[in-house]
Every structure is written in structure tokens, then in C-alpha cells.
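Overview (structure and organization)
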Amino acid sequence: ACYVAHVPTGIESGEEFVLLVETREGERVEGRVTVPAEPSVLTPEPGAKIPTSTLPTGNILVRWQNPAGNELHLGFETDAPCISGVSPPGSFGFQSAMPVSAPDSMTVQLSANCETEWTRLEGRITLAAFDPGYGRYVRDALANEWTTPERAAVNLQGALGVFAAVAAHEVPVVLERPQQP
């Protein structure tokens, strides 16, 4: 199961969270995580209009700052009922988010598969920074490497699972198609 909590006062980078659970049998589960520094998307600017005649879009340069050097994932989603995502240039498929290996920029394509035709499509480019444990979890899960309890317990002692933190920055963008005569 996945549990997400809304903290009305907000959460700051560098804050540490501790999980303490005692089971009915008296066993203890402990977890500890530090919220990573929030990355910043520098380009495209908020509200940028991205002209496109086809999807995926042409190549778009996304630049960012990653102050703590955390593992990053870059994603794209729309406000419309579409299946949307991001991919490297020249790729035919797309995913909701993809790992980023470059230190400060990457050229990508944005995609959206919508049920209806559109000329203007609002969405968000999201850059997420993972705490080191969650980054390892994602890599291991993608590689299907859950062969030992040590690999299946991330930031936890006494249980299998994940206790992690992610900091994200979203930039609204608009995909625009030329009007057909």
C-alpha cells in the first residue's frame, strides 16, 4: 500500500521524518528519511507556448538546477483526459516520467494521446528529486532486483517496503497546434 500525507504547514527541504511502528506482536519497524532539496526547472519558462503540428512534439530543451545532486526524473502530464508523457528525441514510445542522467539539461519530446482533437493543450513539465534510498528503490524495481531482504527494504529496519521522500517542481506549459483552414 502507498500512503501519502498532506501537511498543512508544508514540508521543507532538509527536514527529517521518522516512522515508528510497533506491531501487535511487539515487533518494531523504524524508518528515517530526509526530504531532498527541491530542483528548479529553468526552461521552458512557466506558461511557455510550444508550437507543434504533430505529437510527439519537436525537440524541447529542458534546463534545471539540482542543488543537492539527487537522482531526478522528468515527466509531462496534461490537464485534459489524455495519456501523456515524455521521451528522448527520436523515440516512438513515451512514459509518464523518465530518469534523467544529465547534470543540468536534456532535450526531450512531449506526447499526449487524447480522445478528442485539440488546438491548445495545457500541461505541466515536472522535475522530481528523490532521496537516495528512493532512487535506489526505483532502479532496483525497474531492474527487477528484489532478490534479498536488504534490497527490498528501503530506509526501513524491521520490514520490507519503502519509506521515502520526493521533492518536485512543476512548470505549466501549453502545446499549441496551428489552426486548420
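The structure presented is a predicted model; accordingly, all values stated were derived computationally and were not measured. All residue numbers refer to position in the chain's written sequence, counted from 1. Only residues with pLDDT of 70 or above have their local features reported here, since the model is predicted, and side-chain atom pairs are shown and tallied only from 80 upward, although totals for entire chains, interfaces and linings are computed over all residues. For the side-chain quantities, the full set of heavy atoms in the structure was used; hydrogens and water were omitted.

What to know about the overall build of the chain
By definition, any uninterrupted DSSP run of H or I lasting at least four residues is a helix, any uninterrupted run of E lasting at least two residues is a strand, and each is numbered from the N terminus. A count of helical and extended segments in the chain gives 2 helices and 14 strands. The 181 residues of the chain split such that 34% are buried. For the chain, the proportion of contacts with a sequence separation of at least 24, taken over those separated by at least 6, is 68%. Only protein chains enter the accessibility calculation, which uses a 1.4 Å probe. A residue is then buried if its area is under 20% of the maximum for its type, exposed if over 50%, and partly exposed in between. Whether two residues touch is decided by their heavy atoms; if any such pair falls within 4.5 Å, the residues are in contact.

Focus on the pattern of salt bridges
Should a side-chain nitrogen of Lys or Arg be within 4 Å of a carboxyl oxygen of Asp or Glu, the pair is scored as a salt bridge. Using the criterion set out here, one finds 8 salt bridges in the structure. The partner of Arg32 in a salt bridge is Glu16, and the shortest N-O contact between them spans 3.0 Å. Remark: Glu16 occurs in strand S1 (residues 16-22) and Arg32 occurs in strand S2 (residues 28-34); sequence separation between them is 16 residues. Classification of Glu16 as partly exposed rests on a relative accessible area of 46%. One salt bridge connects Arg177 with Glu117, and the closest N-O pair in it is separated by 3.4 Å. Note that Arg177 is positioned in the segment after strand S14 (166-176) and Glu117 in the loop between strand S9 (105-114) and strand S10 (120-130), a separation of 60 residues in sequence. Assessed through its relative accessible area of 21%, Arg177 is described here as partly exposed. Taken together, the shared-partner salt bridges in this structure form one network comprising Glu77, Asp79, Arg124 and Glu170.

Focus: the state of the cysteines
Cysteine sulfur atoms that pair up within 2.5 Å are treated as a disulfide. Enumeration over the complete set of coordinates arrives at 1 disulfide. In this model Cys82 forms its disulfide with Cys114; the gap between the sulfur atoms is 2.0 Å. Between Cys82 and Cys114, the S-S torsion sits near 100 degrees, and that sign places the bridge as right-handed. Of this pair, Cys82 sits in strand S7 (residues 82-87) while Cys114 sits in strand S9, and the two are 32 residues apart along the sequence. Under the relative-accessibility criterion, Cys114 is labelled buried at 19%.

As for the nonpolar core
For the purposes of this section, nonpolar cores are sets of buried Ala, Val, Leu, Ile, Met, Phe, Trp, Tyr and Cys residues that join through side-chain atoms within 4.5 Å. If you look at the biggest cluster of nonpolar residues, it comprises 25 residues, and the most contacted ones within it are Val62, Val108 and Leu110. Looking at this core, the elements with two or more residues in it are strand S5 (60-65), strand S6 (71-78), S7, strand S8 (97-100), S9, S10 and S14. Residues contacting Leu110, with those up to four places away along its chain left out, are Ile50, Leu55, Pro56, Thr57, Ile60, Phe76, Gly85, Val86, Ile125 and Leu175. The next biggest cluster of nonpolar side chains, apart from the first, holds 6 residues, and it includes Val29, Val33, Val35 and Leu156.

Here's the deal with the environment of Thr126
Within the secondary structure, Thr126 sits in strand S10. Taking relative accessible area as the criterion, Thr126 reaches 17% and is therefore assigned buried. It is 9.9 Å that separates the C-alpha atoms of Thr126 and Pro39, two residues lying 87 residues apart in sequence. Residues within four places of Thr126 in sequence aside, it is in contact with His73, Leu74, Gly75, Ala168, His169 and Glu170.

Overview of the packing of aromatic side chains
Note on ring pairs: Phe, Tyr and Trp rings are taken, using the six-membered ring of Trp, and paired if centres are within 6.5 Å. Classes follow the plane angle, with under 30 degrees stacked, over 60 edge-to-face and the rest tilted. All chains considered together, the criterion is met by 0 aromatic pairs. Put simply, a charge is over a ring when the Lys NZ or the Arg CZ is close to the ring centre, within 6 Å, and near the line of the ring normal, within 35 degrees. In this arrangement the basic side chain of Arg177 is found over the ring face of Trp118, its NZ or CZ atom lying 4.2 Å from the centre.

Notes on the sheet that holds S5
Two orientations exist for strands paired in a sheet by backbone hydrogen bonds: parallel and antiparallel. Across the sheet, 4 strands lie side by side as S3-S5-S9-S7; this open sheet has antiparallel pairing. Looking at the sheet topology across the chains shown, the edges are occupied by strand S3 (40-43) and S7. Going from strand to strand, the sheet's axes swing by 40 degrees on average, the running direction of each strand aside. Two strands pair if DSSP finds at least two bridges between them. As paired elements, S3 and S5 share 3 bridges and run antiparallel to each other. In the strand pairing of S5, Thr43 is matched with Arg63. Angular values range over 0 to 180 degrees, each being the angle between N-to-C directions of two axes fitted as lines to C-alpha atoms, with helices fitted over their stretch in contact.

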